[in-house]
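Structure at a glance
Spelled out, the chains give:
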Amino acid sequence: MGLSDFAQATLDAPADADLPLAFHGTIIHSLTPQQVEIIEEGLIIVGSNGIITHFHKNLPLDKLDSFLVEHDFTPGSLNIQMLKRGEFLVPGFVDTHNHAPQWAQRGIGRGQLLIDWLNKTTFPHESKFKDHDYAWRTYTSCVKGFVRQGITTACYYGSFHGPATKILADICQKLGQRAFVGKCNMNRNAPDYCRDMTVEESLESTRDFIDHVRRIDPNFELVTPILTPRFAISCDGEVLAGLGQIAAEQPDLPIQTHFDEAEQEMEVTKQLFPEFKSEADLYDHFGLMTDRTILAHCIFCGEYEMQRIKERNCGVAHCPISTSTGGFFGVAPIREYLRREIKVGLGTDSGGGYSSSILDAMRLAFVISNARATATKGKDPELSLQEGFYLATLGGAQVCGLEKKIGNFGEGKIFDALLIDTVSDKYRGIIAPIEDEDSTETIFEKFLMTADDRNIVDVYVKGRQIK
């Protein structure tokens, strides 16, 4: 079958960024943790403002032109892309936990326990961000690297340096990535060269950073400042109280921290804050357990803490790569979180692991869930392919409080999306070969389990192509 009149008009005319975008072909997204919708003859139209204006789930090619005419389009009035077999759209990936300063230290420090890893590997590296030129180079490489891998939304921890964290926010804004960016608060239990020297300095730098983001992106359309106490070990009560006050004063700000990540970390926290029986009580006391809070790792949560996380509607950032390749093998109870309808997404954790790929994080999440299934003698079944994809997209959007805007496709939602190509020689890479008898479901599974960034051809954020 030949091209439609609309598709031919797109080929014949020069690209016009102000025209609406349209895609016809296979579209795949999550509806629930267990349900992935595969639409083989779908149509998405995106307005020049980046909002999806039309989403039609069953539109054969021979009816495409008449549909567009009925909706007041004419050939040449939109840029339409016809997706062939082996090409499809998916929502952009959401990275719910990422240390941007650790971009250059990925893979370093294997086998070290958390506190040793911080002191010997991470803090010396993060101190480099006092150099603004180094921050520009490294953060530019970092953001470009994550965009290349299809991460359209990232939750970034910066270093404790306010100026460098402003640079990170500026780069995200410039390159078009949706990002939560936080100046990392830490005023104790870190070397003097890598911490805020006073409570006042920590909080003033935080407020100054928030003001900077409000200037460059007043409506948080791309970049959102996020309150970022690294964890309770590195923040005394005054800093935590001050951050809680900022959270109360500015209720549009999200919050992120580490939570029940390692037995060593939990023991030290209890020594520093003996008045609290759990980290949930600790953070809740300081006003930092809210429906805007993202808790990284959550490996050792018991019944009480799970109840508190659910009550406060916090989100969990599951980082299976770092928690399974550090000084111990952490097996987070993700099945139990899903069972309780606690919000869960995936995080790469950057330097805490070896890979910055959400595809790799999803694959390790399957491994972790298999370990959990074995340890619980089947009580916690392993994750399904559908659940893994959900965690990478809609689940991550829910953790970030963005599920009404991104995470899957629908009219009125923002077009954050990836165009996947599994068949062209230019993009084939190491993906399992697509064979003639493969169904769309099989092609999708091959992408999730064997593809890499080469198969992520185009990346869109708010309708703007940024890869």
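Everything that follows concerns the structure shown earlier in this document.
This write-up is about the structure you can find in this document. As the structure is a prediction and not an experimental result, all values here were calculated from the model.

**Let's talk about the overall build of the chain**
Of the regular secondary structure elements, the chain holds 16 helices and 18 strands. For 467 residues, the compact-globule estimate of 2.2 N^0.38 gives 23 Å, and the chain sits close to it at 22 Å. Once the C-alpha set of the chain is aligned to its principal axes, its extents read approximately 70 × 55 × 35 Å. Here the chain holds 467 residues, and 62% of them are scored as buried.

**Focus: the sheet that holds strand β10 (residues 223–225)**
In space, the four strands of this open sheet follow the order β6-β7-β8-β10, with parallel pairing throughout. Single-partner strands in this sheet number two, and they are β6 (93–99) and β10. Each adjacent strand pair in this sheet contributes to an overall mean axis angle of 15°, direction not counted. In terms of strand pairing, strand β8 (residues 178–182) meets β10 through three bridges, oriented parallel. When the sheet's bridge partners are listed, F180 is paired in β10 with T224. The sheet strands contacting helix α6 (residues 199–216) are β8 and β10, and the helix crosses β10 at an angle near 155°.

**Digging into the layout of surface pockets**
Approximately 320 Å³ is the volume found for the second largest pocket. Along its surface, the second largest pocket is lined by 20 residues, and F180, T224, D252, C400 and L402 are the ones closest to its centre. Within the lining of the second largest pocket, the residues separate by chemical class into 11 nonpolar, three polar and six charged.

**A look at helix α7 (residues 237–249)**
In an α-helix, one turn spans 3.6 residues, which is why side chains three or four residues apart end up on the same side. Its 13 residues place the ends of α7 18 Å apart at the C-alpha level, agreeing with the 18 Å of an ideal helix rising 1.5 Å per residue. Within α7 the residues assigned to the buried category are V239, L240, G242, L243, G244, I246 and A247. Elements that come into contact with the buried residues of α7 comprise β9 (184–185), α6, β11 (228–229), β12 (255–259) and α9 (279–285). Where α7 begins, one side-chain oxygen reaches toward the backbone nitrogen of E238, 3.1 Å away; that side chain belongs to D236.

Cut-offs and rules
- Residues numbered from 1 in each chain as written.
- Predicted model: local features only at pLDDT ≥ 70, side-chain atom pairs only at ≥ 80, totals over all residues.
- Heavy atoms only, no water.
- Helix = DSSP H or I, 4+ residues; strand = E, 2+ residues; numbered from the N terminus.
- Rg over C-alpha atoms; globule rule 2.2 N^0.38 Å.
- Buried < 20%, exposed > 50% of the residue type's maximum accessible area, 1.4 Å probe, protein only.
- Pairing = 2+ DSSP bridges.
- Axes fitted to C-alpha atoms, helices over the stretch in contact; angles between N-to-C directions.
- Contact = heavy atoms within 4.5 Å.
- 1 Å grid on protein atoms, 1.4 Å probe; cavity = no way out; pocket = protein on both sides within 12 Å on 5 of 7 lines; lining within 4 Å.
- Points joined across faces, edges and corners; volume = space filled by probe spheres on them.
- Nonpolar A, V, L, I, M, F, W, Y, C, P; charged D, E, K, R; others polar.
- Expected span 1.5 Å × (residues − 1).
- Polar contact = N/O pair within 3.5 Å; in protein donor to acceptor, adjacent residues only side chain to side chain.

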